[in-house]
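# Examining the three-dimensional arrangement
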Amino acid sequence: MDSEHILTLAADYSLGLLPSEERRRVETHLRRCPACRIAVERERRVALLIREAARVSGPSPGRLAALRPPLPPVRYSPARLSRQLAPVTLLVVFLALGLLFGSARSPFAPALFAATGAPTVTATYTQTPTATLAAAGVINKAASPATTVAAPARPIMPSPGPARPAATPVAAASP
Amino acid sequence: MSDQPLLTWTEAKTVPAEDEISSVIGRCLSGDQHAYIELYELHGGMIYRLAFSLLQDTQDAEEVLQDSFEYAFRRLAHFDPRKSAFKTWLYRIAISRCRNKRRRKWLPSFSLTQFEDREPRDPTAPQPEERAEMSEQQRAVWQAVGELSPKLREVAILRYYGGLQYGEIGQVLDIPTKTAESRMRLAHKALRERLAALIEPES
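Residues numbered from 1 in each chain as written. Chains lettered and ligands numbered in written order. Predicted model: local features only at pLDDT ≥ 70, side-chain atom pairs only at ≥ 80, totals over all residues. Heavy atoms only, no water.

### Let's talk about the overall build of chain A
This is how it is decided: In DSSP terms, a helix is any run of H or I states spanning at least four residues, a strand is any run of E spanning at least two, and both are numbered starting from the N terminus. Only protein chains enter the area calculation, which uses a 1.4 Å probe; residues under 20% of their type maximum are buried, those over 50% are exposed, and those in between are partly exposed. Any two residues having at least one pair of non-hydrogen atoms within 4.5 Å are treated as being in contact. Residue burial considers only the protein chains on display, and all accessible areas are found by Shrake-Rupley using a 1.4 Å probe.
When its secondary structure is counted, chain A shows six helices and two strands. Walking chain A from its N terminus toward its C terminus, one meets helices and strands in the order α-α-α-α-α-β-α-β. Across the 175 residues in chain A, those meeting the buried criterion constitute 25%. In chain A, once contacts between residues fewer than 6 apart in sequence are set aside, the share between residues at least 24 apart is 47%. Here chain A has roughly 12400 Å² of accessible surface; of this, 63% comes from carbon and sulfur atoms.

In structure tokens, the structure reads:
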């Protein structure tokens, strides 16, 4: 490989345009040929000059920061919202649990759970005559027909909708 | 051929790794506004220098910088890392803005200036105040770059400054890799001739 051939390839070599095999042959030659090394350095100098000119043309850090365009608005995604609200949610849950457990112990707190055995009042509607129910021992005839004693005791839960008439008679509870 | 490593083409310490960029982009898309700032700080200088190298006008380069990032922020969810590196995608946006700037400057104008006895402004020439601040060497370099056609100038800047491989240059400019290579040869030959006085072999 003579010098003229290398000089022809110097530009392509510096630009990374040679096939790998030819590049290796050039590199082998460059190790032995100072003249060709100088030729390659001359080619590379073009890139260095342009890079240096571009590098110093940049704005100052302050100017660059001032040129930053407005940031996009924050879009709240369900995942992001849930992450942000997680501590609040936990706090609410703990407070609710505290109220629930506390109400069972405190005599002054509203009774959310009725103790077993406490009498409850339920209003029932039935088409069966009261006398018949009394005869069957279901109800106390002397009691108001609108009042019965229900057993077993059930918690008073808020009704989700309009009250429906009971389809079956309510069994009497033993006091 | 296009896999040849670039020998000190770019300042390696300022080029963030692609997985770091992916992490920042992920935080942007999750709504982390600081991540947008970080993305800008990582690439803003690079985009500005690219625009200035192509347009050689400070105001134009600043506008290209702002327009490019405004668009990139808005369309970040559409960036596909499987198709290209983030830097390549950003360069593509900036190149498009630079071309628009160049086109607008050469559109026919019916202002009174056309009747004045003076030559139309060369969009590639540095402004008078900019020239005063430049060294002789820089002036010579920018003049040589400015004398290249826009097509050759784009390839030269993307390679010399951007440090892109020819396949990446092809992606940015939407041209075949071979076309990028041949334009690079032509650009390099022209620049070497015009900068002959500045090219001295290092001892």
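Past the structure itself, the notes keep going.
### Quick notes on a nonpolar patch on the surface
To keep it simple, the criterion reads: For patches, a residue must show more than 30% relative accessible area and have no salt bridge; joins then use 9 Å for like charges and 5 Å for nonpolar side chains, namely Val, Leu, Ile, Met, Phe, Trp and Tyr. A pairing counts as a salt bridge when a side-chain nitrogen of Lys or Arg comes within 4 Å of a carboxyl oxygen of Asp or Glu.
A grouping of A:Leu90, A:Val93, A:Phe94, A:Leu97, A:Leu100 and A:Phe101 is seen on the molecular surface, where their side chains present a nonpolar patch of about 600 Å² in accessible area. Along the chain, A:Phe101 turns up in helix H5 (residues 78-105).

### Things to note about the interface of chain A and chain B
Convention followed: Summed over both partners, the accessible surface that disappears when two parts come together, traced with a 1.4 Å probe, is what is meant by buried area. We call two N or O atoms a polar contact when they sit within 3.5 Å, provided that within protein one can donate a hydrogen and the other can accept it, with sequence-adjacent residues counted only if both atoms are side-chain atoms.
Counting residues at the interface gives 41 residues for chain A and 47 residues for chain B. Each partner contributes to the roughly 4300 Å² buried at the junction of chain A and chain B, and carbon and sulfur atoms together form 65% of this total. At the junction of chain A with chain B, the criterion picks out three salt bridges. The shortest N-O distance in the salt bridge between A:Asp12 and B:Arg185 comes to 3.0 Å. The interface formed by chain A and chain B holds twelve residue pairs in polar contact (both at pLDDT 80 or more) in total. When contributions to the side of chain A that touches chain B are tallied by element, the ones reaching two or more residues are helix H1 (3-14), helix H3 (34-56) and helix H4 (61-66) of chain A. By residue number, the principal contributor to the side of chain A that touches chain B is H3(A), which donates 16 residues.

### A word on the pattern of salt bridges
The tally for this structure, following the rule as stated, stands at 17 salt bridges over all chains. Its salt-bridge partner being B:Glu62, residue A:Arg63 comes within 2.7 Å of it at the nearest N-O pair. With A:Arg63 in helix H4 and B:Glu62 in helix H3 (residues 58-74), this pair bridges two chains. With a closest N to O distance of 3.9 Å, B:Arg92 and B:Asp174 form a salt bridge. Highlighted residues: B:Arg92 in helix H4 (residues 86-105) and B:Asp174 in the loop between helix H8 (166-173) and helix H9 (177-194), separated in sequence by 82 residues. Look at B:Arg92 and you get partly exposed, because its relative accessible area is 38%. Assessed through its relative accessible area of 61%, B:Asp174 is described here as exposed. Among the charged side chains, a salt-bridge network with shared partners connects B:Arg27, B:Asp32 and B:Glu38.

### Focus on helix H2 (residues 20-30) of chain A
What counts, and what does not: It is the directions from the helix axis to the C-beta atoms that the arc portrays.
Those residues of H2(A) that sit buried are A:Glu22, A:Arg23, A:Val26, A:His29 and A:Leu30. All buried residues of H2(A) lie within an arc of 120° about the axis, which places them on one face of the element.

### A short note on the packing of helix H7 (residues 150-160) of chain B against H8(B)
Residues and elements named next belong to chain B. Worth spelling out the cut-off: A fitted line through C-alpha atoms serves as each axis, taken over the contacting stretch for helices, and the angle formed by two N-to-C directions is quoted from 0 to 180°. When an angle is under 35 degrees it counts as roughly parallel; over 145 it counts as roughly antiparallel; between 65 and 115 it counts as roughly perpendicular; any other value is oblique. A crossing counts as left-handed when the near helix is turned anticlockwise from the far one by less than a right angle, and as right-handed when that turn is clockwise. In this classification, the charged set is Asp, Glu, Lys and Arg, the nonpolar set is Ala, Val, Leu, Ile, Met, Phe, Trp, Tyr, Cys and Pro, and all remaining amino acids, among them Gly, are polar.
Between H7 and H8, the least distance of the axes is 10 Å, while the angle of their chain directions is 135°. On the basis of the axis angle, H7 is oblique to H8. Note on packing geometry: the crossing formed by H7 with H8 is right-handed. Residues Glu 154, Val 155, Leu 158 and Arg 159 of H7 lie in contact with H8, whose contacting residues are Tyr 166, Ile 169, Val 172 and Leu 173. In terms of residue class, the contact of H7 with H8 is built from six nonpolar, no polar and two charged.

### Focus on the state of the cysteines
To keep things clear, this is the line we draw: The rule for a disulfide is simple: a pair of cysteine sulfur atoms within 2.5 Å.
Taken as a whole and judged by the stated rule, the model has zero disulfides over all chains. Here A:Cys36 stays unpaired: no disulfide links it, and the sulfur of A:Cys33, its closest cysteine neighbor, is 3.3 Å away.

### Remarks on the packing of aromatic side chains
Residue and element names in this part refer to chain B. Put simply, the test is: Under the pairing criterion, centres of Phe, Tyr and Trp rings, with the six-membered ring standing for Trp, must be within 6.5 Å; the plane angle then separates stacked pairs below 30 degrees from edge-to-face pairs above 60, leaving the rest tilted.
For the coordinates displayed, the defined rule picks out eight aromatic pairs over all chains. Aromatic pair Tyr 48 and Phe 52: ring centres 6.2 Å apart, planes at 15°, arrangement stacked. With a gap of four residues between them, Tyr 48 and Phe 52 both fall in helix H2 (residues 33-55), about one helical turn apart. What makes Tyr 48 buried here is its relative accessible area of 3%. When its relative accessible area of 5% is taken as the criterion, Phe 52 is described as buried.

### Comments concerning unusual backbone geometry
Residues and elements named next belong to chain B. The residue Gln 56 is not glycine, and still its phi comes out positive at about 55°. You can see Gln 56 is positioned in the loop between H2 and H3. In this structure, Asp 174 is a non-glycine residue whose phi angle is positive, near 60°.

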